[in-house]
Amino acid sequence: MDSAAEQFETHRRFIWGLAYRMTGSPADADDIVQETFVRALQHQPQSRADGWRGWLARVASNLSIDVLRRRQ
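Now for a quick tour of the structure.

A word on the pattern of salt bridges. Summed over all chains, the structure comprises four salt bridges. For Arg71, the salt bridge identified is with Asp28, shortest N-O distance 2.5 Å. Residue Arg71 is found in helix H3 (residues 52–71), and its partner Asp28 is found in helix H2 (residues 26–42); the two are separated by 43 residues along the sequence. Looking at Arg71, the relative accessible area reads 46%, which means it is partly exposed.

Counted according to the given criterion, the structure contains three aromatic pairs. When the ring of Trp16 is compared with that of Tyr20, the centres are 5.2 Å apart and the planes differ by 5 degrees; the resulting orientation is stacked. Linking Trp16 with Tyr20, this pair stays in helix H1 (residues 2–23), spanning four residues, or about one helical turn. Pairing Trp52 with Trp55 gives two aromatic rings, centres 6.0 Å apart and planes at 80 degrees, and the pair type is edge-to-face.

Here is what the cut-offs are and how they apply
Residues numbered from 1 in each chain as written. Predicted model: local features only at pLDDT ≥ 70, side-chain atom pairs only at ≥ 80, totals over all residues. Heavy atoms only, no water. Salt bridge = Lys/Arg side-chain N within 4 Å of Asp/Glu carboxyl O. Helix = DSSP H or I, 4+ residues; strand = E, 2+ residues; numbered from the N terminus. Buried < 20%, exposed > 50% of the residue type's maximum accessible area, 1.4 Å probe, protein only. Phe/Tyr/Trp six-rings, centres within 6.5 Å; stacked < 30°, edge-to-face > 60°.

Quick look at the structure:
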């Protein structure tokens, strides 16, 4: 779990920026960052070779798309 927390802290600003650019809302970006962290603790990426950044970006992007779909 320490590895997941460390990786998440390393990429937190990147994830927040990605979510903010996609949703246009700081509050939504904060929620997406938290949900991404929860998912990182529950389901860590299988392949360490790909790195955490891509995996976290994919999770945050999918969550951002879900937020945008709910707005419609």
